[in-house]
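Now for the letters of each chain:
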Amino acid sequence: MRPYLFKIGGFELRIYSLMYILAFLFGMFIALSDDVAEKRGVNDRKIIEDFAFTTIVSGLIGARLYYVIFKFADYIGNPLSIFYIWEGGLAIHGGIIGAFIGACFYAKKNKMNLWVLTDMAVGPLLFGQFLGRFGNLANGEVHGVPTFTPLSIIFSGKFNEWWIKYQSMSTTAQAQFKQLVPWGLVFPLNTPAGSEFPNLPLHPAMLYEAFLNLIGFTILWFYFRKKEYNPGVLSMIYLIMYAIIRTFVSTFRAEDLLIFGIRLPYLISIVMIVVAIIGIKFFSNPERKFVPAKSEEK
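Residues numbered from 1 in each chain as written. Predicted model: local features only at pLDDT ≥ 70, side-chain atom pairs only at ≥ 80, totals over all residues. Heavy atoms only, no water.

**Student:** Give me empty space enclosed by the protein: which residues, what numbers.
**Tutor:** Evaluated as defined, the whole model comprises 2 cavities of 30 Å³ or more. As a volume, the largest cavity reaches approximately 100 Å³. Lining the largest cavity are 14 residues, and of these Val36, Arg40, Asp119, Arg225 and Leu234 lie nearest its centre. Mapped onto the lining of the largest cavity, the elements with two or more residues apiece are α2 (35–39) and α5 (114–139). Top element by residues in the lining of the largest cavity is α5. It accounts for 3 residues. (1 Å grid on protein atoms, 1.4 Å probe; cavity = no way out; pocket = protein on both sides within 12 Å on 5 of 7 lines; lining within 4 Å. Points joined across faces, edges and corners; volume = space filled by probe spheres on them. Helix = DSSP H or I, 4+ residues; strand = E, 2+ residues; numbered from the N terminus.)

**Student:** So what's going on with the pairing of strand β1 (residues 4–8)? Which residues, and what values?
**Tutor:** Judged from the 4 bridges that link them, β1 and strand β2 (residues 11–14) form a sheet pairing that is antiparallel. Across the sheet, Lys7 pairs through a bridge with Glu12, a residue of β2. (Pairing = 2+ DSSP bridges.)

**Student:** If you had to explain the side chain of Ser235 to someone new, which residues and values would you point to?
**Tutor:** Mapped onto the secondary structure, Ser235 falls in helix α11 (residues 233–250). Engagement of the side chain of Ser235 in a polar contact is seen with the side chain of Thr118, the distance being 2.8 Å. When sequence neighbours within four positions are dropped, the list of residues in contact with Ser235 reads Trp115, Thr118, Asp119 and Val122. (Polar contact = N/O pair within 3.5 Å; in protein donor to acceptor, adjacent residues only side chain to side chain. Contact = heavy atoms within 4.5 Å.)

**Student:** If you had to explain the pattern of salt bridges to someone new, which residues and values would you point to?
**Tutor:** Considering all chains together, one arrives at 7 salt bridges under this definition. Asp35 is the salt-bridge partner of Arg225, the closest N and O atoms lying 3.0 Å from each other. Of this pair, Arg225 sits in the loop between α10 (205–222) and α11 while Asp35 sits in helix α2, and the two are 190 residues apart along the sequence. Between Lys226 and Asp35 there is a salt bridge, with its nearest N and O atoms 3.8 Å apart. Within this pair, whereas Lys226 is found in the loop between α10 and α11, its partner Asp35 is found in helix α2, the two being separated by 191 residues in sequence. (Salt bridge = Lys/Arg side-chain N within 4 Å of Asp/Glu carboxyl O.)

**Student:** Tell me about the UniProt feature "binding site: a 1,2-diacyl-sn-glycero-3-phospho-(1'-sn-glycerol)" (unreviewed entry) in the protein, and name the residues and values.
**Tutor:** When the UniProt feature table is mapped to this numbering, "binding site: a 1,2-diacyl-sn-glycero-3-phospho-(1'-sn-glycerol)" (unreviewed entry) covers Arg133. Of note, Arg133 is situated in helix α5. Residue Arg133 is classed as buried on the basis of its relative accessible area, which comes to 9%. If near-sequence neighbours (up to four positions away) are discounted, Arg133 is found in contact with Ile92, Val142, Met206, Glu209, Ala210, Asn213, Tyr242, Arg246 and Arg253. (UniProt positions renumbered as here; feature names shortened; annotations may be inferred. Buried < 20%, exposed > 50% of the residue type's maximum accessible area, 1.4 Å probe, protein only.)

Below you can see the structure in the form of structure tokens.
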């Protein structure tokens with residue numbers, strides 16, 4: 001396990017960066033093949049390319065800012081490292097917020113229906129999230145807790161307290177905790193996971209999420225997208241779907257951002273679900289007039 005695919009002299013192709021490149025390429029392919037978006041007026045390749053570029057850039061900025069804000073102490077000593085995004089440190093919730101801001105900007109500038117555009121984007125986004133987690137695997141980040149952690153501790157959210165107690169136990173007492181699952185991964189010592197839990201098998205939380213993201217994409221794109229929904233509903237379904245995925249995965253993660261001792265993804269997921277439920281009710285109103293992707297207003 002290593003963060004780069006190959007090295008040539010001083011150049012190295014990092015797997016993390018490669019996954020983002022592949023996410024962009026596959027995302028473009030998925031968006032260009034979206035017959036539903038085409039029926040709603042998004043039938044210009046240049047529109048899709050420009051929209052994708054805008055949201056990806058704004059999403060990356062949002063993902064990095066979100067992460068840095070909550071991990072600011074890690075960057076005080078070397079402020080330039082804030083720009084080292086190829087080393088990891090992108091928060092998906094910040095990416096979603098940043099991408100949405102970019103989508104709003106693009107829709108307003110080009111006088112297009114924002115929700116037709118976001119409905120087209122959520123499928124490629126979820127597939128991109130699936131690919132991105134393999135970049136996290138290569139970097140040894142977004143890791144889970146040790147596989148011998150009792151399930152009662154994992155689901156109670158008190159892992160940090162238990163881990164402190166575990167480290168103070170005798171070797172004999174520690175040996176009483178057996179590995180719960182056979183698929184734990186041991187990460188190199190020079191990775192975030194390996195430095196936090198040296199030589200210990202961990203829950204591969206990034207792979208849990210990758211698997212669930214792929215299932216979510218399949219359901220979203222090949223089932224829900226085919227339904228006759230008003231623009232905006234599919235975007236709200238994505239919010240609910242990813243909120244559920246992230247809540248489950250965060251239960252096993254060891255390094256989630258915390259606020260007041262509570263896992264931040266839990267709080268954000270609750271907000272996402274509430275907003276999505278309200279949004280579905282709003283967009284599903286039969287009296288709501290459909291607005292095509294491209295407005296005729298000059």
